[in-house]
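Notes for the structure review
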Amino acid sequence: MTTTARRSRRALRTAGAGAAALLVLSACSSSDTDSSSSNSSASGRLSGSVTVFAAASLKESFTTLGRRFEQAHPGTNVTFSFGGSDSLAASITGGAPADVFASASPKTMKIVTDAQDASGTPVTFVRNQLEIATLPGNPDGIGSLKDLTDKDLKVVLCDKEVPCGAAAQKALDASGLELTPVSYEQDVKSALTKVELKEADAAVVYRTDVRAAGDKVEGVEFPESADAVNDYPITLLKGARNTATAKAFIALVRSAEGQRVLTGAGFLKP
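My aim in this report is to walk through the structure given alongside it, one point at a time. Throughout, residues of each chain are indexed from 1 in the direction in which the sequence is written. Where totals are concerned, whole chains, interfaces and linings use all residues; where local detail is concerned, this predicted model gives features only for residues with pLDDT of at least 70, and gives and counts side-chain atom pairs only at 80 or more. With hydrogens and water set aside, each side-chain value is computed from the structure's full complement of heavy atoms.

1. Re the nonpolar core
Note the threshold: We call a set of buried residues a nonpolar core when its members are Ala, Val, Leu, Ile, Met, Phe, Trp, Tyr or Cys and they connect through side-chain atoms within 4.5 Å of each other. The buried label goes to any residue with under 20% of its type's maximum accessible area, the exposed label to any with over 50%, and the partly exposed label to all in between, with areas taken from a 1.4 Å probe on protein chains only. Throughout, a residue-residue contact means that at least one pair of heavy atoms, one from each residue, lies within 4.5 Å.
Among the nonpolar cores identified, the biggest contains 65 residues, and L58, F62, F125, L148 and Y232 are the most heavily contacted of them. With residues up to four places along the chain from it excluded, the contact list for L148 reads I132, I142, L153, V155, L179, A202 and V204.

2. Section: the sheet that holds strand 2 (residues 76-83)
Stated precisely, the cut-off is as follows: Any two strands with at least two DSSP bridges between them are considered paired. Only DSSP runs of H or I reaching four residues or more are called helices, and only runs of E reaching two or more are called strands; each is numbered from the N terminus. Angles shown run from 0 to 180 degrees and are taken between the N-to-C directions of axes, each axis being a line fitted to C-alpha atoms and, for helices, limited to the stretch in contact.
Overall, mixed pairing links the 5 strands, which are arranged 2-1-3-10-4 in an open sheet. Looking at strand neighbours, the two that pair on one side only are strand 2 and strand 4 (118-128), the edges of this open sheet. Put simply, the sheet's adjacent strands are angled 20° from each other on average, direction ignored. Strand contacts of helix 3 (residues 85-93): strand 1 (48-55), strand 2, strand 3 (100-102) and strand 10 (230-237), with the helix running at about 135° to strand 1, the strand carrying the most contacts.

3. Concerning empty space enclosed by the protein
Our working definition: A cavity, in this analysis, means grid points on a 1 Å lattice covering only the protein atoms where a 1.4 Å probe fits yet has no way out; a pocket is instead an open set bounded by protein on both sides within 12 Å along at least five of seven lines, and a residue lines either one if it has an atom within 4 Å of a point. Grid points are joined across faces, edges and corners, and a volume is the space filled by probe spheres set on the points. For this scheme, ten residues count as nonpolar: Ala, Val, Leu, Ile, Met, Phe, Trp, Tyr, Cys and Pro. Four count as charged, namely Asp, Glu, Lys and Arg, and the remainder, Gly too, count as polar.
Evaluation of the coordinates by the stated rule reveals 1 cavity of 30 Å³ or more. The volume enclosed by the largest cavity comes to roughly 60 Å³. What lines the largest cavity is a set of 13 residues, and nearest its centre among them are A55, A56, A104, V162 and V188. For the lining of the largest cavity, the class distribution of residues is 8 nonpolar, 4 polar and 1 charged.

4. Some details on the layout of surface pockets
Here the largest pocket defines a volume of roughly 160 Å³. If you go around the largest pocket, you meet 13 residues; those closest to its centre are S105, P163, A166, A167 and N230. Breaking the lining of the largest pocket down by element, the ones donating at least two residues are helix 4 (106-114) and helix 5 (163-175). The leading source of residues in the lining of the largest pocket is helix 5, at 4 residues.

5. Notes on the packing of helix 8 (residues 243-254) against helix 9 (residues 256-264)
Where we set the bar: Should an angle fall under 35 degrees it is taken as roughly parallel, and over 145 as roughly antiparallel, whereas 65 to 115 is taken as roughly perpendicular and any remaining angle as oblique.
The contact between helix 8 and helix 9 brings their axes to 4 Å, and the two run at 60°. Compared by their axis directions, helix 8 and helix 9 come out oblique. Contact residues: helix 8 offers L252, V253 and R254, while helix 9 offers A256, E257, G258, Q259 and L262.

6. Considerations on unusual backbone geometry
Outside of glycine, negative phi angles account for most residues, and trans bonds account for most peptide bonds. A positive phi is found at N138, a non-glycine position, where the angle reads about 45°. Its location among the elements puts N138 in the loop between strand 5 (130-134) and strand 6 (155-158). By relative accessible area, N138 is classed as buried at 14%.

7. Describing the sheet that holds strand 9 (residues 218-220)
Spatial ordering of the open sheet is given by 7-6-8-5-9, a layout of 5 strands whose pairing is mixed. For this open sheet the edge positions go to strand 7 (183-185) and strand 9, each flanked by a neighbour on one side alone. The average undirected angle you get between the axes of adjacent strands in this sheet is 35°. The pairing of strand 6 with strand 7 spans 3 bridges and is classified as parallel. Bridge assignment links C158 to a residue of strand 7, and that residue is E185.

8. Some thoughts on the environment of T245
For T245, the location among the structural elements is in helix 8. In this structure T245 comes out as buried when scored by relative accessible area, which is 1%. A C-alpha to C-alpha distance of 9.3 Å links T245 and D99, two positions 146 residues apart in sequence. Each residue touching T245, except ones within four places of it in the same chain, is listed here: L46, S47, G48, V50, F69 and T76.

9. Concerning the packing of helix 2 (residues 59-72) against helix 9
Note the cut-off: With the far helix as reference, a near helix turned anticlockwise by less than a right angle produces a left-handed crossing, and one turned clockwise produces a right-handed crossing.
One way to put it is that helix 2 packs onto helix 9 with a least axis distance of 9 Å and a crossing angle of 145°. Helix 9 is crossed by helix 2, and the crossing has right-handed handedness. Judged by residue contacts, S61, F62, T64, L65 and R68 of helix 2 engage E257, G258, V261 and L262 from helix 9. Per-class residue counts for the contact of helix 2 with helix 9 are 4 nonpolar, 3 polar and 2 charged.

10. A closer look at the state of the cysteines
Where we set the bar: Working definition: a disulfide is two cysteine sulfur atoms within 2.5 Å of each other.
With the rule as written, the count across this model stands at 1 disulfide. Across the disulfide from C158 sits C164; the S-S distance is 1.9 Å. Its S-S torsion of approximately -110° makes the covalent link between C158 and C164 left-handed. An identical accessibility class is assigned to C158 and C164; each is buried.

11. Here's the deal with the side chain of Q259
Operational definition: Under the rule applied, a polar contact is a pair of N or O atoms within 3.5 Å (in protein, one hydrogen donor and one hydrogen acceptor; residues adjacent in sequence only if both atoms are side-chain atoms).
With respect to the helices and strands, Q259 occurs in helix 9. Given a relative accessible area of 13%, Q259 falls into the buried group. From its side chain, Q259 meets the backbone oxygen of V253 in a polar contact 3.4 Å long. Among residues more than four places away in sequence, those in contact with Q259 are F125, V126, V253, R254, G264, K269 and P270.

What follows is the structure in structure tokens.
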């Protein structure tokens, strides 16, 4: 073999190796691009669990919104803990794991913000007004807040530390009325249940709860309730484990769809 032939063969081998290297690099680059695109697509899809601590009066509305959220975002799961706003706030500041807090009053929300457990500024998303819940058919003929002061009536109130109890006390104070209930309950649903079970003749609760109870109770409006309307704030919590999905749930609550569900349950627009 001549020197010239050997040189030509070495050149061809070098060129072939270079082309192979270029093909490998091109394949890697293409793979990286595809992977990046796939990750970007995946990151845009909501997934995972969200834990929402919410006032007891929101139970029916939020349960409905939770189902809709899961249907709209397959792979997500919304878990609720309903109760008195003060108890929920205490749990959050005590370290209970939660992503979202929806309170029945700014006062109880302040417990969380003062402890620096809220992420951002809470926003009012609905308001709620009180109503008297009586036995079906209103057999005692209750027609006003003053009627509840009748000593022969068994009346139940929410505890004064709970938003519905604080609002009831505000209405009573504004009317110059004194009322001694047979019991103070830890949340609005517990107060309403006393009437549903006929363990009480009446309870001062939210009109949303009266509506949710259907024919189990009868509602009586009273004008003093206009002076004790509660704002409901909602916030993302600092310890949220699934921030993107939690923010999306809050967005649903505040959206036109969320507002339709809430106002349909009797809540007032913010």
